[in-house]
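As a plain string of letters, each chain reads:
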Amino acid sequence: MTEPARRAVVIGGSLAGLFTGLLLRRQFDVDIYERADAELAGRGAGIVTHALLWEALDAAGIAWRDALGIEVRTRRYFDHDGRLALEHPYRQTVTAWDRLYDPLRRAFPSAHYHRGKELVAVEARPDGVAARFADGSVAEGDVLIGADGVRSAVRAQFLPEVVPIYAGYAAWRSLI
């Protein structure tokens, strides 16, 4: 007799949710629940990737090497007068949010990606966990992962005292 498959419920269908869902599919039946009712596109701006992200893309089975972005081998820092102040070898790939999201989304089965699912509450149950949504539907699983971003409903329920704050800095980057 085979043991029933374990189920994972992932709240949030952007980059973190898709990475989580794809990696968990090795050991769980996974469903992702995204608050937005339309396909996510054009969200975010430039992203600088690094070796840890490349490893995660490989682990998720995403072919990224030819289409992720532009490889940069050196970081250069300029002073206020525009003179080169520091040069440091550091391999990265500059890309855009869509160039990460698109292959992740294509790799995750559409039948298990649910849009328009606004989380209302998470309930612990003796045999697992349940997510209740604003439309009245419920998703049950053995484990629930909150990957629902800066306005996380999961975090708000379990850690209501934690309020994200602006870090107080901005980074300017250019590609020439």
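Residues numbered from 1 in each chain as written. Predicted model: local features only at pLDDT ≥ 70, side-chain atom pairs only at ≥ 80, totals over all residues. Heavy atoms only, no water.

Each helix and strand in the protein was counted, giving four helices and ten strands. Each helix and strand of the protein, ordered N terminal to C terminal, gives the series β-α-β-β-α-β-β-α-β-β-β-β-β-α. Viewed in the frame of its principal axes, the protein has a C-alpha envelope of about 65 × 40 × 25 Å. Here the protein, with 176 residues, has 32% of them falling under the buried criterion. When contacts within the protein are restricted to residue pairs at least 6 apart in sequence, long-range pairs at least 24 apart make up 56% of them. Surface summary for the protein: the accessible area is close to 11,600 Å², and the carbon and sulfur share equals 54%. (Helix = DSSP H or I, 4+ residues; strand = E, 2+ residues; numbered from the N terminus. Buried < 20%, exposed > 50% of the residue type's maximum accessible area, 1.4 Å probe, protein only. Contact = heavy atoms within 4.5 Å. Areas by Shrake-Rupley, 256 points an atom, 1.4 Å probe, with all protein chains shown as cover.)

Taken residue by residue, helix 1 (residues 15–24) has Leu15, Gly17, Leu18, Phe19, Gly21 and Leu22 as its buried positions. Its buried side turned inward, helix 1 meets strand 1 (7–11), strand 2 (29–33), strand 3 (46–49), helix 2 (51–59), helix 3 (97–107) and strand 6 (113–114).

On to helix 3. Every buried residue of helix 3 is listed here: Trp97, Leu100, Tyr101, Pro103, Leu104 and Arg105. Buried positions along helix 3 lie against helix 1, strand 3, helix 2, strand 5 (84–96) and strand 6.

Right, let's get into the packing of aromatic side chains. One pass over the structure, following the stated rule, counts three aromatic pairs. Residues tryptophan 97 and tyrosine 101 carry aromatic rings whose centres are separated by 4.8 Å and whose planes lie at 10° to one another, so their mutual orientation is stacked. Here tyrosine 101 and tryptophan 97 lie together in helix 3, a separation of four residues that amounts to about one turn. Here arginine 6 stacks its cationic end above the ring of phenylalanine 28, 4.3 Å away from the centre of that ring. Over the face of the ring belonging to phenylalanine 108 we find arginine 25, whose NZ or CZ atom lies 5.8 Å from the ring centre. (Phe/Tyr/Trp six-rings, centres within 6.5 Å; stacked < 30°, edge-to-face > 60°. Lys NZ or Arg CZ within 6 Å of the ring centre and 35° of its normal.)

Let us now look at the sheet that holds strand 6. The strand order 6-2-1-10 describes an open sheet built from four strands, whose pairing is parallel. Each edge of the open sheet carries a strand with a single partner, namely strand 6 and strand 10 (143–146). Direction of pairing for strand 2 relative to strand 6: parallel, over a ladder of two bridges. Across the sheet, the residue bridging to isoleucine 32 is tyrosine 113, located in strand 6. (Pairing = 2+ DSSP bridges.)

Read across the open sheet, the three strands follow the order 7-8-9; overall the sheet is antiparallel. The outermost strands of the open sheet, each flanked by one partner alone, are strand 7 (119–125) and strand 9 (138–141). Averaged over neighbouring strand pairs, the angle between their axes works out to 20° when direction is ignored. Where strand 7 meets strand 8 (residues 128–133), six bridges bridge the pair, whose relative direction is antiparallel. By the bridge assignment for strand 8, alanine 124 is matched with valine 129. (Axes fitted to C-alpha atoms, helices over the stretch in contact; angles between N-to-C directions.)

Once that is clear, we can look at the side chain of arginine 105. Looking at the element boundaries, arginine 105 is found in helix 3. Taking the relative accessible area as the measure of exposure, arginine 105 reaches 10% and is therefore buried. In contact with arginine 105, not counting residues within four places along its chain, are Leu18, Glu39, Ser110 and Tyr113.

This part covers the nonpolar core. Of all hydrophobic cores here, the largest spans 25 residues; its most connected members are Leu57 and Leu104. Every element with two or more residues in this core is listed here: strand 1, helix 1, strand 2, helix 2 and helix 3. Dropping the residues within four chain positions of it, leucine 104 is found in contact with Leu15, Leu18, Phe19, Leu22, Leu57 and Ile62. Listed in part, the eleven residues of the second largest apolar core include Val129, Phe133, Leu144 and Val154. (Core = buried A, V, L, I, M, F, W, Y, C linked by side-chain atoms within 4.5 Å.)

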